[in-house]
Amino acid sequence: MEPPAAKRSRGCPAGPEERDAGAGAARGRGRPEALLDLSAKRVAESWAFEQVEERFSRVPEPVQKRIVFWSFPRSEREICMYSSLGYPPPEGEHDARVPFTRGLHLLQSGAVDRVLQVGFHLSGNICEPGSPGEPERLYHVSISFDRCKITSVSCGCDNRDLFYCAHVVALSLYRIRHARQVELRLPISETLSQMNRDQLQKFVQYLISAHHTEVLPTAQRLADEILLLGSEINLVNGAPDPTAGAGIEDANCWHLDEEQIQEQVKQLLSNGGYYGASQQLRSMFSKVREMLRMRDSNGARMLILMTEQFLQDPRLALWRQQGAGMTDKCRQLWDELELIQKGSTCITNTEGWVGHPLDPIGCLCRALLEACRLEEETLTLYPDSGLEKRKVAYQHVPVPGSPGESYLVLALEVALLGLGQQRALPEGLYAQDKVVRNEEQLLALLEEVELDERLVQVLRKQAGLLLEGGPFSGFGEVLFRESVPMHTCARYLFTALLPHDPDLAYRLALRAMRLPVLETAFPAGEPHPSPLDSIMSNRFPRWFILGHLETRQCELASTMLTAAKGDPKWLHTVLGSIQQNIHSPALLFKLAQDACKTATPVSAPPDTTLLGIALELGLQVMRMTLNVMTWRRREMVRWLVNCATEIGPQALMNIMQNWYSLFTPVEAATIVAVTGTTHATLLRLQLDTPRREELWACARTLALQCAMKDPQNCALPALTLCEKNHSAFEAAYQIVLDAAAGGLGHAHLFTVARYMEHRGLPLRAYKLATLALAQLSIAFNQDSHPAVNDVLWACSLSHSLGRHELSAIVPLIIRSIHCAPMLSDILRRWTLSAPGLGPLGARRAAKPLGADRAPLCQLLDAAVTAYITTSHSRLTHISPRHYGDFIEFLGKARETFLLAPDGHLQFAQFLENLKQTYKGKKKLMLLVRERFG
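Residues numbered from 1 in each chain as written. Predicted model: local features only at pLDDT ≥ 70, side-chain atom pairs only at ≥ 80, totals over all residues. Heavy atoms only, no water.

Colleague: I would appreciate a short explanation of the overall build of the protein chain in the present structure.
Modeller: Scanning the protein chain from N- to C-terminus turns up 44 helices and seven strands. Within the protein chain, the fraction of its 933 residues that count as buried is 46%. Just so you have it, the protein chain exposes about 47000 Å², and 55% of that area is on carbon and sulfur atoms. (Helix = DSSP H or I, 4+ residues; strand = E, 2+ residues; numbered from the N terminus. Buried < 20%, exposed > 50% of the residue type's maximum accessible area, 1.4 Å probe, protein only. Areas by Shrake-Rupley, 256 points an atom, 1.4 Å probe, with all protein chains shown as cover.)

Right under this line is the structure:
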């Protein structure tokens, strides 16, 4: 119930007393055709009929015939119902804390004033005395009603509670007890219809003037819409009238604040440890009983709202998710829950017999089997002697009064009826786990029974009935989304029927391959979003055992594939069912592995059909997981290449030629092409020279395509694969050069350059090294940059090639490297020996180059400049603890300065500049003088 906010009826179904109150009134829209004819029976109510008649007599007759006026609540009891805390006892209504009692006191003290009824809208002022020392408070109250029901209330006290506040009670009681003193007015739309244009304009302007601060923006907006010819407001005839009451077609009921009920129950449940909260919950249930006793339709609605909050309690949800924390008693209970089917489903048997808390099928089957059990012929003196457990023996025991029936037959029929029943998967981990365990226990009992001809006939009959059982059977043509899958039962039936009726066995097992909850999420042919089964639990949080069910589905499929070996017809049929119904890549991969293993026995020739199916499943896994990288992908790719190799070279070349839809460029270049052309693979395929060259050509083409698509990761593998073919190798090298201009990083270029040097191609290595240096940038403080070793290698390579190459690389070094120690290190290395071991080994220079001569003089200047720049940069924010490091840095700088002819003077001038610029750092400058003078 919602006292402070004026809401319309929620549209709950009307109870008997509401239907008797009348057929209903049309909701007023300010137009004559929207109102019904006057009904004398409805006007002739117990309250103030004379006043209504007197006032209506002054209304023009055409208007009278269009008005319907229903009564306010006819008794104080109807007001009391929603404001008292209990009913009975009556004495509770006189408790001063009860809103009804407080409202009655306000009425009797004359606190109600300025009561006006306009149509179906009642308003008034309640003046409540203040506490000692405080002024009295004035509250404005309004009530809307319809057919003897209060439909909404509003009060200035803003007291949100389940029950009407005392001010609403006071105004309501005033309307009931002093009906003749209430000023009655027609619905406002009828009053407006009697005004001419000038009167209407004056009315609107006075209304806006009286309340311009509140209504002026709304009035202007409505005026703008009315003046706009094509606006929505002009397309609708008439206008709303909050005082005209509900339409005759509308349901009617007492005002019920559903949101407040839900919120209060939720709050009380969260404070369940307190005595007061329990008392209030009991009071609310008492209110429900009172409403139901009064045949109020809101009673059932309120009970539903409260029950929903109980079921949504966070602690209960935690039990449902984790399947832990419940006592045995709780588990039993959860197993039973003015059983409950949730949601819409067409499953005939929502309450499954297998997994039922009372386990009816298991109890009955065990009882019937117990009657058929043979007595032990001999008793062992040492039951735990380690001997193999003997299989239980059963015999057919006739059923008295039923010729031809035996308890053993009945046990088998009962078990199959329960296992094959289409039923909804229950909610909660505990209940779902019970379904799985009950199935396994029943099947374990059946597997103990040795099938004779009589029992095989029962199996065949029951299997046929299950296939034709319609919605009653889990093997029927139509399965509903929440149905328990039949994989475990079908696997038993398939194995049992296969020797006797293969066609029936396959039909039954293929029908059971479905998993409805996944079929609705991933239609046939669409890939599973992730190769990890655990992800599915996040998509279907209610299906706690989904991973287990998918595993059972895979086991059924594997059983059929193994049984169909050597029969191409059934193999392809089973393959189609697998591709349609299994959506987990991990399980499909397992099926592919099992099929390949079954198809390639050690002591027999391979089954080519089954091998082809294994390859097809592997290809499907590759397509499904292409964009979902997992740690198993490399294993899957290697297995697929091996499987294709088992089939033959054509299968291997097919996956190479269609690699775009199966592999990433890295996988294709580093695994597929390499594994497919290894010496072991070629020996295994036993190819002649032309076929071997064809396979190599296919691998090279794949490698070049991968290098073009992903040069960073595939360029080097492509070069390696293409080494023995000049044209292919040149094509791969050109791809690298093109990629260098297009953004191939310096790290990859250095790697390929080192490869070229290793293969005896130093000039190409030099070319790639210069391209890498052009992309490189090492700052003054990056003396531990990852590319340091690559730079030093490139410098060594250029030095070994000769003075010309050395001269060409110096500008690149100067432009790319700003780290002074690196520059001085490179300079010192180049001055130790003469450049120039050419490609044929002939020396091009007789003596080492001088640091003061071209081309090294440029590098020397760059190193000196770098030391000067770095020194100033380090001194800007240097701290005393780094003074020692800086002195060592200056020592290395002096070594570089001294490589120049006037290096001593340059270094002295540099030190003097430092002393003058940073003379404020007295301690540091003192250390400089002590070390360098």
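Colleague: Just checking my understanding: could you explain the sheet that holds strand β5 (residues 183-185) for this structure?
Modeller: Hydrogen bonding along the main chain pairs the strands of a sheet, whether they run parallel or antiparallel. Spatial strand order, β4-β3-β2-β1-β5: five strands in an open sheet with mixed pairing. The open sheet is flanked by β4 (150-155) and β5, the only strands paired with a single partner. With strand direction ignored, the average angle separating the axes of adjacent strands in the sheet is 15 degrees. Of the pairings in the sheet, the one linking strand β2 (residues 121-128) to strand β3 (residues 137-145) comprises eight bridges and is antiparallel in character. Bridge assignment links Ile126 to a residue of β3, and that residue is Tyr139. The sheet contacts of helix α7 (residues 166-177) involve β1 (112-118), β2, β3 and β4, and relative to β2 the element is tilted by about 120 degrees. (Pairing = 2+ DSSP bridges. Axes fitted to C-alpha atoms, helices over the stretch in contact; angles between N-to-C directions. Contact = heavy atoms within 4.5 Å.)

Colleague: Help me understand the pairing of strand β7 (residues 402-406) in this model?
Modeller: Within a regular strand, side chains alternate between the sheet's two faces. Sheet analysis places strand β6 (residues 398-399) next to β7, joined by two bridges and oriented antiparallel. In the sheet register, Val399 faces β7, and the bridge partner there is Ser402. Between β6 and the antiparallel strand that follows it, β7, lie two residues; Gly401 among them carries a positive phi value of about 85 degrees.

Colleague: Looking at this model, I keep getting lost on unusual backbone geometry. Mind explaining?
Modeller: Excluding glycine, residues mostly have negative phi values, and the peptide bonds linking residues are mostly trans. Cis geometry marks the peptide bond from Ala854 to Pro855; its omega dihedral reads 0 degrees. The backbone phi angle of Arg114 is positive, close to 55 degrees, even though this residue is not glycine. One can find Arg114 in strand β1. The exposed category is assigned to Arg114, whose relative accessible area is 65%.

Colleague: Teacher, can you tell me more about the environment of Lys461 here?
Modeller: By the secondary structure assignment, Lys461 is in helix α20 (residues 453-467). Residue class for Lys461 comes out exposed when judged on its relative accessible area of 53%. Linking Lys461 and Glu413, residues 48 residues apart in sequence, is a C-alpha distance of 9.6 Å.

Colleague: Is there a simple way to explain the pairing of β3 in this structure?
Modeller: Note that β3 and β4 share five bridges and pair antiparallel. Paired with Ser144 across the two strands is Ser152, which belongs to β4.

Colleague: Help me out: how do you make sense of the layout of surface pockets in this one?
Modeller: Rolled over the atoms, a probe sized like a water molecule indicates the empty space that remains. Taken as a whole, the largest pocket holds about 1600 Å³ of empty space. Going through the elements one at a time, α8 (188-193), α9 (197-210), α10 (212-227) and α11 (232-235) are the ones with two or more residues in the lining of the largest pocket. Here the element with the most residues in the lining of the largest pocket is α10; it accounts for eight residues. Classifying every residue of the lining of the largest pocket gives 19 nonpolar, nine polar and three charged. (1 Å grid on protein atoms, 1.4 Å probe; cavity = no way out; pocket = protein on both sides within 12 Å on 5 of 7 lines; lining within 4 Å. Points joined across faces, edges and corners; volume = space filled by probe spheres on them. Nonpolar A, V, L, I, M, F, W, Y, C, P; charged D, E, K, R; others polar.)

Colleague: In this structure, what is going on with the confidence of the model for the protein chain? I would like to understand it.
Modeller: Low-confidence regions, as indicated by low pLDDT, have predicted coordinates that should not be scrutinised in detail. Confidence in the prediction of the protein chain, expressed as mean pLDDT, is 80, and 79% of residues score 70 or more. Confidence drops under a pLDDT of 50 for residues 84-94, and excluding neighbours within four residues, the segment shows 20 contacts in the predicted structure. Note on residues 377-383: pLDDT under 50 across the span, and one contact to partners over four residues away in sequence or across chains. (pLDDT = per-residue confidence, 0-100.)

Colleague: What is the right way to look at the pattern of salt bridges in this model?
Modeller: Two side chains that carry opposite charge are able to pair once their charged atoms sit near each other. Tallying each qualifying case throughout the model produces 26 salt bridges. Between Asp359 and Arg366 there is a salt bridge, with its nearest N and O atoms 3.5 Å apart. Of the charged contacts in the structure, one is a salt bridge between Glu730 and Arg764, with a shortest N-O distance of 2.4 Å. Of this pair, Glu730 sits in helix α35 (residues 726-741) while Arg764 sits in helix α37 (residues 762-775); the two residues are 34 residues apart in sequence, bridging distant segments of the chain. Where salt bridges share partners, they join Glu440, Arg491, Arg552 and Glu555 into one cluster. (Salt bridge = Lys/Arg side-chain N within 4 Å of Asp/Glu carboxyl O.)

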